[in-house]
Amino acid sequence: MIRVTKCTNTTRIQAVIIRLAAVVIALVVSALFILMQNHNPLDVYISMITGAWGKWSMLKATIVDTIPLIITSLGVAIAFKMKFWNIGAEGQAIMGAFFANLMVVQFPGLPGPLTIFLMFIAGIVGGALWAFPPAFFKAKYGANETLFTLMMNYIAMRWIKYLASGPWKDPKANGQNRIAILPENTKLPELFDVHVGWIIALALAVMVYIFLNKTKKGYEIAVIGESENTARYAGMNVRQVVISAVMLSGALAGLMGMIQLSAVSGQLTSDIAGGVGFTAITVAWLAQLSAPGIILVSFLFSTLEQGISYIQSDFNIPLASAKVLQALILFFVLGSEFFIQYRVSFKKNMTSTVGKEGK
Amino acid sequence: MDNNVVIELRNITKTFGSVVANKNINFNVRSGEIHSLLGENGSGKSTLMNVLSGIYAPDSGSIFIRGKEVHFNSPKDSIKMGIGMIYQHFKLVDVFTASENIIMGQKGNLFVNKKKLSLQIREISEKFGLDIDLNKKVYNMSVGEKQNLEILKVLYRGAEILILDEPTAVLTPQETKKLFEIMRNMKKSGCAIVMITHKMDEVLEISDRITVLRKGEAVETVDRNSTSAKELINLMVGRPIDLSVKCVPTDKKTPVLKVENLTVYNEDKAKVLHEVSFELSEGEILGVAGVAGSGQKELCEAIAGLYPVAGGEILYKGESLVGKSPRDIINKGISMSFVPEDRLGMGLVPSMDMVDNMILKDYHTQKGILITRTNARKMAEKLVKTLDISTPGVNYPIRLLSGGNIQKVLLGREIESNPKLLITAYPVRGLDIGVSYTIYDLLNEQKKKGVAILYIGEDLDVLLGLCDRIMVICDGKITGIVDPRKATKEMLGLMMTGKSEKDSEGVNNVD
């Protein structure tokens, strides 16, 4: 007989042990999978680490991937803290990038720094605006935000596709449907060889931490997340807080879109957010919505991604197999959270007198 | 005598984390007896019963049913052994009829032989005096009827051992009498009945034996005939307690709150308050008596600005509160401490600690955008001391505290905010006797300060003792406002079921 009981008194050390155990098990199971492909697991693991951190160029790539993940996860965490399930960060990022691009299109010939500043603001505004409709309908009519934000993603993607095939089609693209590459002077500057997005990400982490833990708005968000009735009882303007917090969540995603556009891709495409909007959900959750945790988890996540893509070329492991490895590791790490919250125990069965009647 | 023992618990221990809910409990029940399990909240009654009904597995100790040791893995196992549990919150499907509820989840053929079934059920209900219309839908039933149905359900499923968890909490005095009649009938036919309660007079009226629990331990099992209320309270609390509730006289009589023809509809557009009118003065406690769900919640929330008002007026010192935001109303010094049935539904934030809960209603008065928690921490620490709140610390999430302590946190905060009008609903629900009296004293102290208090209560004895006037409501209508010095419990009971004051006057005994 297996019994599952909720456990509220798991200590920090126990939690760390459980998570480490999950990683170990993940590595062991993955090793079996690698062995089946006739590779040495140890070599593959070492290669994964090397691929992510081994050389400065590799570490740099990992960091560049970490930046959007941190910013978006912070945004998602704000909404999640309120139990508003914003899974529309992807679309909000795309619209942020779109608004940023719009600045370049509308005001050509402005000096570079000024354009970047306008793009920065536009990215924030674009993301916030795209988060507004679901927030409004949730606050006013109780519409399901999960579906609403999800659907908004697809609208945003299609919108970019439409722009690429019509209004914003690059005349120099030889008939291909794509939007013109941005001029070189709209690229975010670099500091220590990495674009300044990393400073923005770290600064935002500090700000979000203070916002959620030390400000009135942050307190209101936490109360609403716990119980709207209690929030109303305390005299909070629930609608206003919900709408503003979700727009803030969208604004961060939009900013991510702008940064990716300006610093990484230089060209607006429908996959400018590259799925980060969805990965951020996992990251925010794993980090338990804490800002410092998000930095750490984002970095580890990118490390895994980089490592996985490196072993593809290093060992000729096909993409699908590499993805299986990634999935196995995530499966065990995410699954371990269950064992932190619940205890599973095995108990003896009932005595035969009753057991007979039962079976 | 020992042949009659149907349940025996030996050395049952159950812990939750570091909390010992049951410690080496020994307890037995004989057939044909009503055994009361008496204890304050948090003394381990419910845990013990959940062990017996298979919801919890004990950490150690053994359960014997009719002399055989058993291990329950789920409630199913205990049902098989003939144990039936009647919970405080009924487990019935509202849109089903009585008979559908009874047969639901039963093994058997695909098709139900209705005739045979109703014959069986009728037989049981007649035997015990359970008065039920089998074709009535549950949502049309009164609380008493629902309870009868629950009992019928477990009896039909073959229960010979019944456990009733605070069965009278939701009943009027008249319904309670009926229930006791049924319990006596069951006893006559050889059932064993365990009743969990903390109401002294009921224990003395119905039980054969009484086991008193205190802080997770079974202090003593006594025979009804050789004990007294005084002794039981001593055992329960561990020290003698004065059980009279005092109504403190005050002379301030300026009306503070005036409610005129207040009408309120709920979400389903049903009228839940019908033209309610009353006045409340400074230094007065106005009690509200009524069966649960008669509009008490809506009345409180309407005054606090949380419920839309469809008609009528709420005047606070001559100023209308209708249409004002909850925050405006809080700022006027109107405080509501509503303790809902699940305690945490409104008023407190469960996963936050005490400090964060202290600032819930006044955080917005702080300057700037940041929140300082220094004062809140001091206040929380003060409350822990003055109200004797047991918690590992003020930074401990309150959802992990016991019910009584949670309530102390809530009421403590409300009183600390120096209200002018205090609306309090079920402030002692779930509290132990000692603390209940602390709360009554706190309310009386507020009253002496000139605070107007609207007290929504459950225990009629307390209402009669504590209040200056008692307003009785039934189905959202006021059936009368009476003077407690002239009223009786029976009279209030009749008024709670809709009889007017005149019809209920002079009634002392109802059978």
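1. Quick word on the overall build of chain A
Here's step 1: In terms of regular secondary structure, chain A is built from 14 helices and 4 strands.
Here's step 2: Over its C-alpha atoms, taken along the principal directions, chain A stretches across nearly 85 × 60 × 35 Å.
Here's step 3: Taken across its 359 residues, chain A has 41% of its residues classed as buried.
Here's step 4: Partitioning the contacts of chain A with sequence separation of at least 6, the portion at a separation of at least 24 is 76%.

2. Remarks on the overall build of chain B
Here's step 1: Per the secondary structure count, chain B includes 17 helices and 20 strands.
Here's step 2: Projected onto the principal axes, the alpha-carbon positions of chain B cover approximately 70 × 50 × 50 Å.
Here's step 3: Residues counted as buried form 44% of the 511 residues belonging to chain B.
Here's step 4: Partitioning the intrachain contacts of chain B with sequence separation of at least 6 by distance along the chain shows that 67% fall at a separation of at least 24.

3. Brief notes about the sheet that holds strand β11 (residues 255-265) of chain B
Residues and elements named next belong to chain B.
Here's step 1: Pairing within the open sheet is antiparallel, and its 4 strands lie in the order β12-β11-β14-β15. Of all the strands in the sheet, the pair left with one neighbour each is β12 (271-281) and β15 (319-320).
Here's step 2: One ladder, built from 5 bridges, connects β11 with strand β14 (residues 311-316); its direction is antiparallel. If you follow V259 over to β14, its bridge partner there is I314.
Here's step 3: Contacts between helix α9 (residues 296-303) and the sheet are confined to β11, β12 and β14, with β12 contributing the most and set at about 60 degrees to the helix.

4. Some details on the environment of P249 of chain B
Here's step 1: By the secondary structure assignment, P249 of chain B is in the loop between α8 (229-237) and β11.
Here's step 2: Given 9 C-beta atoms within a 10 Å radius, P249 of chain B is considered exposed.

5. Some remarks on the packing of helix α8 (residues 216-226) of chain A against helix α10 (residues 238-265) of chain A
All names here are of chain A.
Here's step 1: In the contact formed by α8 and α10, the axes pass within 10 Å of each other and the chain directions differ by 110 degrees. Overall, the two elements α8 and α10 adopt an arrangement that is roughly perpendicular. On α10, the residues that touch E220, I221 and I224 of α8 are V238, V241, V242 and A245.
Here's step 2: Among the residues forming the contact of α8 with α10, the class breakdown is 6 nonpolar, no polar and 1 charged.

6. Describing the domain arrangement of chain B
Here's step 1: The domain architecture assigned to chain B consists of domain 1 (2-237) and domain 2 (255-348 + 421-504).
Here's step 2: Each of domain 1 of chain B and domain 2 of chain B has a C-alpha centre, and the two are 32 Å apart.

7. Description of the pairing of strand β7 (residues 161-165) of chain B
Residue and element names in this part refer to chain B.
Here's step 1: For β7, the tally of buried residues reaches 5 of 5 residues, placing the bulk of the element in the interior.
Here's step 2: With burial as the criterion, each face of β7 is covered, one bearing I161, I163 and D165 and the other bearing L162 and L164.
Here's step 3: Of the pairings in the sheet, the one linking strand β6 (residues 83-86) to β7 comprises 4 bridges and is parallel in character. Bridged to G84 within β7 is L162.
Here's step 4: Two strands pair when backbone bridges link them, and β7 and strand β8 (residues 192-197) are joined in this way by 5 bridges, in the parallel orientation. Opposite L162, over in β8, you have I193 as the bridge partner.
Here's step 5: With respect to chirality, the unit in which β7 leads through helix α6 (residues 173-188) into the neighbouring parallel β8 is right-handed.

8. Section: α6 of chain B
All names here are of chain B.
Here's step 1: For α6, with 16 residues, the first-to-last C-alpha span of 23 Å sits near the 22 Å given by 1.5 Å per residue.
Here's step 2: Packed against the buried residues of α6 are β3 (34-39), α4 (114-128), α5 (143-156), β7, β8 and α7 (200-206).
Here's step 3: G190 occupies a position one or two residues after α6 and carries a positive phi of about 95 degrees.

9. As for the packing of helix α3 (residues 56-81) of chain A against α10 of chain A
Residues and elements named next belong to chain A.
Here's step 1: Closest axis-to-axis distance for the α3/α10 pair is 7 Å, and the angle between their directions is 170 degrees. Considering the angle they form, α3 stands roughly antiparallel to α10. Where α3 approaches α10, its residues V64, I67, P68, I71, T72, L74, G75, V76, I78 and A79 are matched on the opposing element by A245, V246, L248, S249, G250, L252, A253, L255, M256, I259, Q260 and V264.
Here's step 2: Considered class by class, the residues forming the contact of α3 with α10 number 17 nonpolar, 5 polar and no charged.

10. Details of the sheet that holds strand β2 (residues 19-30) of chain B
Residue and element names in this part refer to chain B.
Here's step 1: In space, the 4 strands of this open sheet follow the order β2-β1-β4-β5, with antiparallel pairing throughout. The sheet is open, and its two edges are formed by β2 and β5 (68-70), each paired on a single side. When strand polarity is set aside, the average angle formed by the axes of neighbouring strands in this sheet is 25 degrees.
Here's step 2: Sheet topology places strand β1 (residues 5-16) next to strand β4 (residues 60-65); 5 bridges connect them, and they run antiparallel. Bridge pairing in β4 links R10 to S62.

11. A few points about the confidence of the model for chain B
All names here are of chain B.
Here's step 1: Looking at chain B as a whole, the pLDDT averages 82, with 91% of positions reaching at least 70.
Here's step 2: Within chain B, the lowest mean pLDDT, 66, falls on helix α17 (residues 501-504), and the highest, 91, falls on strand β13 (residues 285-289).
Here's step 3: Note on the complex model: pTM 0.74, ipTM 0.75.

12. Points about helix α12 (residues 291-315) of chain A
Residues and elements named next belong to chain A.
Here's step 1: If you check α12, its first and last C-alpha atoms are 36 Å apart, about what 25 residues at 1.5 Å a residue would give, namely 36 Å.
Here's step 2: Buried positions along α12 lie against α2 (41-54), α3, α7 (197-214), α11 (276-286) and α13 (319-341).
Here's step 3: N316 sits one or two positions beyond α12 and adopts a positive phi of about 60 degrees.

13. Observations concerning the nonpolar core
Here's step 1: The biggest cluster of nonpolar side chains holds 165 residues, and the ones touching the most others in it are L74 and I294 of chain A together with V472 of chain B.
Here's step 2: Residue contributions to this core peak at 15 residues, all from α10 of chain A.
Here's step 3: Once you skip the residues sitting within four places of it in the chain, I294 of chain A turns out to touch I70, S73, L74, A77, A205, V283, A284 and A287 of chain A.

14. Some thoughts on the environment of V194 of chain B
Residues and elements named next belong to chain B.
Here's step 1: Locating V194 in the fold gives a position in strand β8.
Here's step 2: Taking C-alpha positions, V194 is 9.8 Å from R209, a pair spaced 15 residues apart along the chain.
Here's step 3: Residue contacts for V194: discarding those within four places in its chain leaves V29, H35, L37 and I163.

15. Some details on the confidence of the model for chain A
Here's step 1: Overall, the prediction assigns chain A a mean pLDDT of 86, with 94% of residues at 70 or greater.
Here's step 2: In this model residues 349-359 of chain A is a low-confidence stretch, pLDDT under 50, and it forms 18 contacts with partners more than four residues away in sequence or in other chains.

16. Section: the environment of G393 of chain B
Here's step 1: Along the chain, G393 of chain B turns up in the loop between α12 (374-386) and α13 (403-416).
Here's step 2: For the pair formed by G393 of chain B and E381 of chain B, sequence separation is 12 residues and the distance between their alpha carbons is 8.5 Å.

17. Topic: unusual backbone geometry
Residue and element names in this part refer to chain B.
Here's step 1: The backbone of N24 shows a phi angle near 45 degrees, a positive value even though the residue is not glycine.
Here's step 2: Mapping N24 onto the fold places it in strand β2.
Here's step 3: If you check the backbone angles, E275 has positive phi at about 40 degrees while not being a glycine.
Here's step 4: Checked against the element boundaries, E275 lands in strand β12.
Here's step 5: Of the residues examined, E275 has 14 C-beta atoms within 10 Å and is grouped as partly exposed.

Parameters at a glance
- Note on numbering: residues in each chain are counted from 1, in written sequence order.
- Chains and ligands are labelled sequentially in the order written, the chains with letters from A and the ligands with numbers from 1.
- With the structure being a predicted model, the display of local features is reserved for residues of pLDDT at least 70 and the display and counting of side-chain atom pairs for 80 or more, all residues being used for whole-chain, interface and lining totals.
- Counting from the N terminus, the helices are DSSP H or I runs at least four residues long and the strands are E runs at least two residues long.
- Here a residue counts as buried when 20 or more other C-beta atoms fall within 10 Å of its C-beta, as exposed when 12 or fewer do, and as partly exposed in between; the C-beta atoms come from the backbone.
- Any residue pair is listed as a contact if its two C-beta atoms, each placed from the backbone, are within 7 Å.
- A pair of strands is treated as paired once DSSP finds two or more bridges between them.
- Only C-alpha atoms enter the line fits that serve as axes; for helices the fit covers just the stretch in contact. Angles between N-to-C directions range over 0 to 180 degrees.
- Should an angle fall under 35 degrees it is called roughly parallel, over 145 degrees roughly antiparallel, and 65 to 115 degrees roughly perpendicular, with every other angle called oblique.
- Side-chain classes are defined by residue name, with Ala, Val, Leu, Ile, Met, Phe, Trp, Tyr, Cys and Pro counting as nonpolar, Asp, Glu, Lys and Arg as charged, and the others, Gly among them, as polar.
- Residue ranges labeled as domains rest on an automatic or database domain assignment.
- If the strands point away from the viewer and the path from the first strand over the helix to the second runs clockwise, then the crossover is right-handed.
- In this analysis, the expected span of each helix is defined as 1.5 Å times one less than the number of residues it contains.
- On a range of 0 to 100, pLDDT expresses the predictor's confidence in each residue.
- Linking buried Ala, Val, Leu, Ile, Met, Phe, Trp, Tyr and Cys residues through C-beta atoms within 7 Å yields a set, and such a set is a nonpolar core.

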